[in-house]
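Here is how the chains run, residue by residue.
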Amino acid sequence: MSAVQKITISDDQPEQRLDRWFRKTFPQVTQGAIEKMCRKGDIRVDGARVKSNTRVAPGMEVRIPPLPDSAAPLHVKTRISDADARMMRDAVLYQDDQIIVLNKPPGLPTQGGSKQTRHVDGLSVALQGDKPDKPRLVHRLDKDTSGVLILARTAAAATKLTESFRHKSTRKIYWALVAGVPTPYLGEIRYGLVKAGGRGSGGEGEKMIAVHPRDIDSTDGAKRAHTLYATLYRVASRAAWVAMEPITGRTHQLRAHMAEIGHPIVGDGKYGGSGQENQGDGWGAQLGGVISKKLHLHARSLTIEHPVTKKSMEFVAPLPSHMADTWETLGWTESLVKHDPFEELRA
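In this text, all values refer to a predicted model and were calculated from it rather than measured experimentally.

(A) Examining the pattern of salt bridges more closely. Within this structure, the stated rule accounts for 15 salt bridges. Measuring nitrogen to oxygen at the nearest pair gives 3.0 Å for the salt bridge that ties Asp 121 to Arg 23. Pair noted here: Asp 121 is in helix α4 (residues 120-123) and Arg 23 is in helix α1 (residues 18-25), with a separation of 98 residues, a long-range link. Of the charged contacts, one joins Lys 24 and Asp 133 as a salt bridge, the two residues approaching to 3.8 Å between their closest N and O atoms. Highlighted residues: Lys 24 in helix α1 and Asp 133 in the loop between α4 and β9 (136-137), separated in sequence by 109 residues. On the accessibility criterion, Lys 24 (38% relative accessible area) is partly exposed. Take Asp 133: its relative accessible area is 27%, and that puts it in the partly exposed class. A single salt-bridge network, built from bridges that share partners, covers Arg 23, Asp 121 and Lys 134.

(B) Expanded view of empty space enclosed by the protein. Enumeration according to the criterion identifies 2 cavities of 30 Å³ or more in this entry. Lining of the largest cavity is provided by Pro 14, Glu 15, Gln 16, Arg 20, Lys 24, Arg 55, Arg 136, Ala 155, Ala 158, Thr 159 and Thr 162. Elements with a minimum of two residues in the lining of the largest cavity: α1 and α5 (155-166). Here the lining of the largest cavity takes 4 residues from α5, the largest share from any one element. A breakdown of the residues in the lining of the largest cavity according to their chemical character gives 3 nonpolar, 3 polar and 5 charged. The wall of the second largest cavity is formed by His 139, Val 148, Lys 172, Tyr 174, Ala 299, Ser 301 and Leu 302. Among the secondary structure elements, those contributing two or more residues to the lining of the second largest cavity are β11 (171-179) and β17 (297-305). In terms of residue count, the dominant contributor to the lining of the second largest cavity is β17 (3 residues).

(C) Representation of the layout of surface pockets in the model. Reported here for the second largest pocket is a volume of approximately 180 Å³. Looking at the second largest pocket, it is lined by 13 residues, and the ones nearest its centre are Ala 230, Leu 232, Lys 338, Pro 341 and Glu 344. Of all elements in the fold, only β15 (227-235) and α9 (343-346) reach the threshold of two or more residues within the lining of the second largest pocket. Of the residues forming the lining of the second largest pocket, the biggest block, 4 residues, is contributed by β15. Each residue belonging to the lining of the second largest pocket can be placed in one class, and the counts come to 8 nonpolar, 1 polar and 4 charged.

(D) Geometry of the environment of Met 323. In this fold, Met 323 is placed in helix α8 (residues 321-330). According to the relative accessible area criterion, Met 323 is buried, its value standing at 0%. A C-alpha to C-alpha distance of 8.6 Å links Met 323 and Lys 294, two positions 29 residues apart in sequence. The residues contacting Met 323, other than those within four sequence positions of it, are Trp 175, His 296, Leu 297 and His 298.

(E) Highlighting helix α3 (residues 82-90). Taken together, the buried positions of α3 are Asp 84, Ala 85 and Met 88. One side of α3 holds all its buried residues, which, seen down the axis, span an arc of 100°. Opposite the buried face of α3, by more than 90 degrees, sit the exposed residues Asp 82 and Asp 90. Considering only its buried residues, α3 is in contact with β7 (92-95), β8 (99-104) and α4.

The rules behind each value
- Residues numbered from 1 in each chain as written.
- Predicted model: local features only at pLDDT ≥ 70, side-chain atom pairs only at ≥ 80, totals over all residues.
- Heavy atoms only, no water.
- Salt bridge = Lys/Arg side-chain N within 4 Å of Asp/Glu carboxyl O.
- Helix = DSSP H or I, 4+ residues; strand = E, 2+ residues; numbered from the N terminus.
- Buried < 20%, exposed > 50% of the residue type's maximum accessible area, 1.4 Å probe, protein only.
- 1 Å grid on protein atoms, 1.4 Å probe; cavity = no way out; pocket = protein on both sides within 12 Å on 5 of 7 lines; lining within 4 Å.
- Points joined across faces, edges and corners; volume = space filled by probe spheres on them.
- Nonpolar A, V, L, I, M, F, W, Y, C, P; charged D, E, K, R; others polar.
- Contact = heavy atoms within 4.5 Å.
- Arc of directions from axis to C-beta.

Functional significance is not addressed by these values, which are geometric in nature.
Here it is in structure tokens:
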């Protein structure tokens, strides 16, 4: 075991999340261990308690508690199976020397945490190639959400892409199947979101609660959230194909917003209730019959400015198999809808 250390981040390091800096500096330490040390206050930055997603920059001093050496890691590093390596390669939509774009499968977490040992962040080593470091996460998707996910292959690209997401210079469009039919067909949702208490010491069961816009400023911890939505096709009054564009990027934003207006996303057990519940004009999150019970939420497209060439690039991900089966059952095809369903709102 090492002794307590205090390390000043060097000038050649980019601004980045604390957990990313930590894993690069101490590769034997897992994401779960970093989060635990942050919760206990063992890791500090400039003397202050921090979270794993705290931003750190050159000149900041990081307190490092005693750590196991590389011969005795906190947890045995999971070996990537040939099947997982093949899955990651098959998920690649685009790659160059700076970025890798994936179509993330549903059910695969983006990042590790409590009891999560198999995730995109860990498996991305299969896409490392001849780069000195494995690809870096720059944004996230919920575990059961599929679709476009971008990784950075260099520290500089990660910094620029992270800034783009933070300053909202990227554009994301999601597709979903929701219960009921949202009206008006084209609209926006501006309910704020506040985190409810989660189950377990790490808040593994965390859930967001919607807050009426007039109550946001007076609700402790509430953050403003803004979603555009467009109803594209419907099945009578039972269900609808909806496109959503998150203007802000809050935790569970799309799921919580659609549930709040009475149209939970099909398969969303956390926000959708059961098939017997009538929430507003919707019918609960399970449609029954041959429709899959999996979450029907897919990150359809992502538009970014390339971190080096500055060229605008759009990436589109095909639907996962369970959603493709649902679309086929309902007689829908991807070619039925406009490329940009929010053109009228942006005019």
